[in-house]
Amino acid sequence: MNDRWSSSPGQKRTLLLDDTIVAISTPLGDGGIGIVRLSGPKAITIADTLFKGESKVKDLPSHVIHYGRIIDPGSCEVIDEILLTLMRRPKTYTREDVVEINCHGGILALRKVLELALKGGARLALPGEFTKRAFLNGRIDLAQAEAVVDVVRAKSESSLKVATHLLRGGLSEKIHSFRHTLMDILAQLEAAIDFEEEETQLMGEIDFDQKMGKVRDQIQELIETTQRGSLIREGIRTVILGRPNVGKSSLLNALIGRERAIVTPIPGTTRDTIEEMVDLEGIPLKIIDTAGIRQAKGVVEEEGVKRAFRSLDDADLIFLVLDASQPLTEEDQDITKKIGGRPTIIILNKIDLPLRIELEEVKRLLPARKIVETSAIQGAGLEEIREGVKEIFFCGGIPTGESLIITHLRHKEALEKTLLELTRAREAVQRGDSFEFIALDLREAIGSLDSITGERIDEEILERIFSQFCVGK
């Protein structure tokens, strides 16, 4: 991208662009609609060379959908019957002129329109470049830009709510509040530097600890939400574990609401791990169904058992499935030893059959674990499983749309650095250090906050962030 931009605390970003980008902004494949998006100084001009309607694009009203056709300027061939949306700057996603061409959903028509736009002078957009321009042009800050990809990739209702709250500026507002408090203190410190003989008196007037205590506490509270935020964003990696024929695959099918795993009465049907993302009434679970654990019969089943145990290494949660219609076996007991102290919900399956399992023995093998009785083939007990997950990870409550939760490691690291600098500043005050040293620590703390919203950010970090986006967003 041919651009030059600058950013400093308290100043708006400045972006100078001389190119226009284009991309297909909808998933490739058959569909009702496919969209080709143009953004930049030549978006309207390029669209004018392709669009044939009642008027030239440059004469059309903004933020209105217009009917017409896309024509190949070289052959005058009609490519598609389309709807064109013109959005004039600055009231657009990128704050540039934007044209969206709504084609019939089909890869050939979309690619042809894209090729014509490229021939007309546009450049193929890089991943996330539309959102990057929105950031650089000051429409959104960097924390909001990162929330865009979270909205796109949301895996559950709760992850969508948290991402939408961040996109609306929930985190940004909190960061700006912290920054405002620190800037007030810094302004007082810098003013006091000019009056060294009055430092002792001014130190008491500034009352550093009182003004900083609330900021430190709130930052610490945010940092402590990171684990929950990561689980909401990525999903709780949940391993279904148990010996053959206890109902692991039936449980997976019941949780996702469809026949994903093959279920037969033959032990060892599942030979490999099967992964599925499940929105369990707002809770995102990345469920891994594993091979039944027993003395393997054959090389393939042996490898399946090994993979089942390897899946435990990265597990956030274990669903240990036991056959409630049978007494505990030696294999069941061996599996409990592999679990160790990992978070576990014990699932007593097949309660539709006469119960023969010894509940007290189960509690002895895995004490202080939630036990849920289920019938996977009848769908019984799923609500209790959901409540168990809530108790373990969300203290009984799922974050709402107003919950401010840290979901990105980058934000956590910046907040931790801010907290470290504020601790240093406090220690400097307690030692009676010169105001210059305290002010230096405060500037570093403010700089760490600025990196979250993008007021101060390295170009390499920007590229890394926006490379996670899809092309066209």
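Conventions used here
Residues numbered from 1 in each chain as written. Predicted model: local features only at pLDDT ≥ 70, side-chain atom pairs only at ≥ 80, totals over all residues. Heavy atoms only, no water. Phe/Tyr/Trp six-rings, centres within 6.5 Å; stacked < 30°, edge-to-face > 60°. Helix = DSSP H or I, 4+ residues; strand = E, 2+ residues; numbered from the N terminus. Buried < 20%, exposed > 50% of the residue type's maximum accessible area, 1.4 Å probe, protein only. Salt bridge = Lys/Arg side-chain N within 4 Å of Asp/Glu carboxyl O. Pairing = 2+ DSSP bridges. Contact = heavy atoms within 4.5 Å. Axes fitted to C-alpha atoms, helices over the stretch in contact; angles between N-to-C directions. Core = buried A, V, L, I, M, F, W, Y, C linked by side-chain atoms within 4.5 Å. Polar contact = N/O pair within 3.5 Å; in protein donor to acceptor, adjacent residues only side chain to side chain. pLDDT = per-residue confidence, 0-100. Arc of directions from axis to C-beta. Patch = residues over 30% accessible without salt bridge, like charges linked within 9 Å, V, L, I, M, F, W, Y side chains within 5 Å. Areas by Shrake-Rupley, 256 points an atom, 1.4 Å probe, with all protein chains shown as cover.

A. How the structure looks around the packing of aromatic side chains. Under the counting rule described, the total for this entry stands at two aromatic pairs. Consider the rings of F135 and F466, whose centres lie 6.4 Å apart with planes at 35°: the pair is tilted. In this pair, F135 sits in helix α3 (residues 129-136) while F466 sits in helix α17 (residues 459-466), placing the two residues 331 residues apart along the sequence. The class of F135 is buried, set by a relative accessible area of 0%.

B. Seen up close, the pattern of salt bridges. This model, assessed by the stated rule, comprises 29 salt bridges. The closest approach of N and O atoms between R386 and E387, which form a salt bridge, is 2.8 Å. Ionic contacts of the salt-bridge type, sharing partners, join the residues D19, E96, R123, E129 and R133 into one network.

C. Region of the structure containing the sheet that holds strand β6 (residues 64-71). Taken in spatial order, the seven strands line up as β5-β6-β7-β8-β4-β3-β9 in an open sheet, and their pairing is mixed. Each edge of the sheet is formed by a strand with only one pairing partner; in this case those strands are β5 (51-52) and β9 (123-124). Here helix α2 (residues 107-119) sits on the sheet in contact with β3 (21-24), β4 (33-39), β6, β7 (78-87), β8 (98-104) and β9, set at roughly 175° to β3. This element, α3, spans β3, β4 and β9 of the sheet and lies at about 135° to β3.

D. Examining the sheet that holds strand β13 (residues 317-323) more closely. Spatially, six strands are ordered β11-β12-β10-β13-β14-β15 in an open sheet, and the strand pairing comes out mixed. The open sheet has two free edges, formed respectively by β11 (274-280) and β15 (370-373), since each of these has just one partner strand. The average angle at which neighbouring strand axes cross in this sheet is 25°, direction not considered. Direction of pairing for strand β14 (residues 344-349) relative to β15: parallel, over a ladder of four bridges. Residue pairing for β15: L348 is matched across the bridge by E373. Sitting on the sheet, helix α14 (residues 382-393) touches β10 (236-241), β11, β12 (283-289), β13, β14 and β15, and the angle it makes with β14 is about 165°.

E. Structural detail: the nonpolar core. Counting 32 residues, the largest nonpolar core has L171, L182, I219, L415 and L422 as its most contacted members. Only α4 (142-152), α6 (170-193), α8 (208-223), α15 (409-431) and α16 (435-453) provide two or more residues apiece to this core. Top element by residues in this core is α6. It accounts for nine residues. Look past the residues within four positions of L422 in its chain and what remains in contact with it is L182, M212, V215, R216, I219, L442 and A445. Ranked by size, the runner-up nonpolar core spans 28 residues in total, among them I240, V246, I283 and V372.

F. Up close: the environment of Y93. Its location among the elements puts Y93 in the loop between β7 and β8. When sequence neighbours within four positions are dropped, the list of residues in contact with Y93 reads R37, F130, T131, A134, R139, V148 and K473.

G. Quick peek at unusual backbone geometry. Put simply, R89 and P90 share a cis peptide bond, and its omega is 5°. The phi angle at R95 is positive, at roughly 65°, despite the residue not being glycine. Looking at the element boundaries, R95 is found in the loop between β7 and β8. Look at N245: it is not a glycine, yet its phi comes out positive at around 65°. Among the structural elements, N245 can be located in the loop between β10 and α10 (248-256). The exposure class of N245 is partly exposed, given its relative accessible area of 31%.

H. Molecular detail of the side chain of D19. The residue D19 is located in the loop between β2 (14-17) and β3 in this model. At a separation of 2.8 Å, a polar atom in the side chain of D19 contacts the side chain of R133.

I. The confidence of the model for the protein, seen in detail. On average, the protein scores 84 in pLDDT, and the residues at 70 or more come to 85%. Across residues 1-14 the pLDDT falls below 50, and counting only partners more than four positions away or on other chains, this stretch makes 46 contacts in the model. The model gives residues 260-272 a pLDDT under 50, and that stretch makes 38 contacts with residues more than four places away or in other chains.

J. Summary view of helix α5 (residues 157-167). Among the residues of α5, those classed as buried are S158, S159, V162, A163, H165 and L166. Projection of α5 onto a plane perpendicular to its axis shows the buried side chains occupying an angular sector of 155°, all on one side. Against α4, α6, α9 (226-234) and β12 lie the buried residues of α5. Note on α5: the residue one or two positions beyond its end, G169, has a positive phi of about 100°.

K. Looking closely at a nonpolar patch on the surface. Among the surface-exposed residues, I65, Y67 and L83 lie close enough to one another that they form a single nonpolar patch of about 300 Å² accessible area. Residue placement: I65 occurs in strand β6.

L. Quick look at the environment of G447. Within the secondary structure, G447 sits in helix α16. Among the residues examined, G447 registers a relative accessible area of 13% and is labelled buried. Distance in space between the C-alpha atoms of G447 and I457 is 9.3 Å, their sequence separation being ten residues.

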